[in-house]
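In case you want the letters, here they are:
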Amino acid sequence: MLSRRISTTFSPFAIKQHWSSSSVVCAKGATRNRKSLARSNASNIVFVDGVRTPFLRSETDYVDMMPHDLARMAFIGLLKQTGVPKEEIEYVVYGNVLHETKTSNVAREAILGAGLTDRIPAHTVTMACISSNQAITTVAALLAAGVYDVGVAGGVEFLSDRVIKLSPQLRKIILGFNKAKTLSARLSLLTKLRPSSFLPQMQNRGEFSTGESMGESGDRLAAAFKVSRREQDEFALRSHRLAKEAEEKGFLSDVVPVNVPGTAKYVTKDNGIRVSTMEQVARLKPAFVTPHGTITAANSSYMVMRLDVTTRRRSNRFVQRPTELLLA
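We now turn to the structure provided with this report. (Residues numbered from 1 in each chain as written. Predicted model: local features only at pLDDT ≥ 70, side-chain atom pairs only at ≥ 80, totals over all residues. Heavy atoms only, no water.)

Moving on, we come to the overall build of the chain. What the chain contains, in helices and strands, is eight helices and twelve strands. Taking all 328 residues of the chain together, the buried fraction comes to 45%. Accessible area of the chain: about 17600 Å², with a carbon and sulfur share of 56%. (Helix = DSSP H or I, 4+ residues; strand = E, 2+ residues; numbered from the N terminus. Buried < 20%, exposed > 50% of the residue type's maximum accessible area, 1.4 Å probe, protein only. Areas by Shrake-Rupley, 256 points an atom, 1.4 Å probe, with all protein chains shown as cover.)

Right, dumping it as structure tokens:
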């Protein structure tokens, strides 16, 4: 993957290399230094660098923040790490699935919060769990087409403050009050209230047309390809073990510390890494499809927050050590 995915928010990418919150910087026109399939009459598109914010479980240290907060912090971290002047960024795209209604175009709010000019166009895309990847390919296509030379792509998810709606019946009555001209008309609306009218509606993580969550779809996929519960548990144990090892050895150098607003606390590490044993994870029950499902709380990803961003550049001075080349 060209980007790494997050808790609950993506961090910006600096195309060097982003789902914690991560960022990447891309460059257009870099000198080719290894075998490539790029056309001779086109410039390579290069991922120059990447950063991310720590992956956190939902409803932990990021609980009082908003998605654009994490995106902004990752974006600023990306600019500091790469040295790319913010004035040279020409386009920004973010991926996001569960929208915060106040900041539905989170890409726009993130760059404004990071101090970029309001003249830079920015939009947000949604395509389930590959939203940030779609953001990256969108920016890459714009560079390949010659529209821009420098772009940023990323993504963010924030599940600590999901939208909770009023029931449809109560919404209709409230909106009806705005049109009711007389007291009798308003009283008539009130007679339609029922106890069930006050039950809130949680934002559904399932896909609209099928009603399935990613966990349910994953269980079906595992069954179709005959991936056993044990194989999934072993893979999950290995992932957590390697993540812990990478953290202890300082390999997670792309992590941007997050200062929790209103406090002196800085979040510097992921809080979802859980090194366990096969005996412990084997005791857990299926989380989505019961009683015969194979996906559990131990072998599936935890709810996190993250942000991804990518940028591209035409100047070779920003891409001395490109780590990825894309066809352009």
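From this point, the discussion proceeds with the structure in view.
Glancing now at the packing of aromatic side chains. Applying the stated criterion across every chain yields a total of one aromatic pair. For the ring pair Tyr91 and Tyr148, a centre distance of 5.2 Å and an interplane angle of 35° mean the geometry is tilted. Pair noted here: Tyr91 is in strand S4 (residues 91-95) and Tyr148 is in the loop between helix H3 (131-144) and strand S6 (151-157), with a separation of 57 residues, a long-range link. Above the face of the Phe55 ring, Arg52 is positioned so that its terminal group lies 4.4 Å from the ring centre. (Phe/Tyr/Trp six-rings, centres within 6.5 Å; stacked < 30°, edge-to-face > 60°. Lys NZ or Arg CZ within 6 Å of the ring centre and 35° of its normal.)

Glancing now at the packing of helix H4 (residues 168-179) against helix H5 (residues 183-190). With their axes 10 Å apart at the nearest point, H4 and H5 run at an angle of 180° to one another. The pairing of H4 with H5 is recorded here as roughly antiparallel in orientation. For the pair H4 and H5, the contacting residues are Ile173, Gly176 and Phe177 in the first and Arg186, Leu189 and Leu190 in the second. Its residues assigned to classes, the contact of H4 with H5 shows four nonpolar, one polar and one charged. (Axes fitted to C-alpha atoms, helices over the stretch in contact; angles between N-to-C directions. Parallel < 35°, antiparallel > 145°, perpendicular 65-115°, else oblique. Contact = heavy atoms within 4.5 Å. Nonpolar A, V, L, I, M, F, W, Y, C, P; charged D, E, K, R; others polar.)

Now for the environment of Gly155. Relative to the assigned elements, Gly155 resides in strand S6. Considering only alpha carbons, one finds Gly155 and Ile130, 25 residues apart in sequence, at a separation of 9.3 Å.

Between helix H1 (residues 67-82) and helix H2 (residues 106-113), the least distance of the axes is 8 Å, while the angle of their chain directions is 50°. Relative to H2, the element H1 lies oblique. Both H1 and H2 take part in a crossing whose hand is right-handed. Between H1 and H2, the residues in contact are Pro67, His68, Ala71, Arg72 and Phe75 and Val106, Glu109, Ala110, Ile111 and Gly113, respectively. (Left-handed = near helix turned anticlockwise from the far one by under 90°.)

Following the sequence through the fold, Asp69 ends up in helix H1. Accessibility expressed as a relative area gives 13% for Asp69, which makes it buried. Side-chain polar atoms of Asp69 contact the backbone nitrogen of Met66, separated by 2.8 Å. (Polar contact = N/O pair within 3.5 Å; in protein donor to acceptor, adjacent residues only side chain to side chain.)

The complete set of buried residues in helix H6 (residues 214-224) reads Gly215, Asp219 and Ala222. Each buried residue of H6 lies within a common arc of 65° when the element is viewed along its axis, so the set occupies one face. Facing away from the buried surface of H6 by more than 90 degrees, the exposed residues are Met214, Arg220, Leu221 and Ala224. Buried residues along H6 sit in contact with helix H7 (229-248). At the exit of H6 stands Lys226, carrying a positive phi of roughly 55°. (Arc of directions from axis to C-beta.)

What follows is about the pattern of salt bridges. Summed over the entire model, instances satisfying the criterion amount to nine salt bridges. Arg52 is paired through a salt bridge with Asp270; the nearest N and O atoms lie 2.9 Å apart. One end of the pair, Arg52, is in the loop between strand S3 (45-51) and H1; the other, Asp270, is in the loop between strand S10 (266-267) and helix H8 (278-282), with 218 residues separating them in the sequence. Residue Arg52 shares its accessibility class with Asp270, and that shared class is buried. Measuring nitrogen to oxygen at the nearest pair gives 3.1 Å for the salt bridge that ties Glu234 to Arg230. Taken together, the residues Glu234 and Arg230, both in helix H7 and four residues apart, mark about one turn of the helix. The exposure class of Glu234 is partly exposed, given its relative accessible area of 38%. (Salt bridge = Lys/Arg side-chain N within 4 Å of Asp/Glu carboxyl O.)

Turning our attention to the nonpolar core. By size, the foremost hydrophobic cluster in this structure holds 17 residues, and its most contacted members are Phe75, Ile89, Val92, Tyr94, Ile111 and Leu116. Those elements that place two or more of their residues in this core are H1, S4, H2 and S6. Apart from residues no more than four positions distant in its own chain, Ile111 is found in contact with Phe75, Val92, Leu116, Ile120 and Ala122. Among the nonpolar cores identified, the runner-up in size contains ten residues, and Ile45, Val93, Val125 and Val139 belong to it. (Core = buried A, V, L, I, M, F, W, Y, C linked by side-chain atoms within 4.5 Å.)

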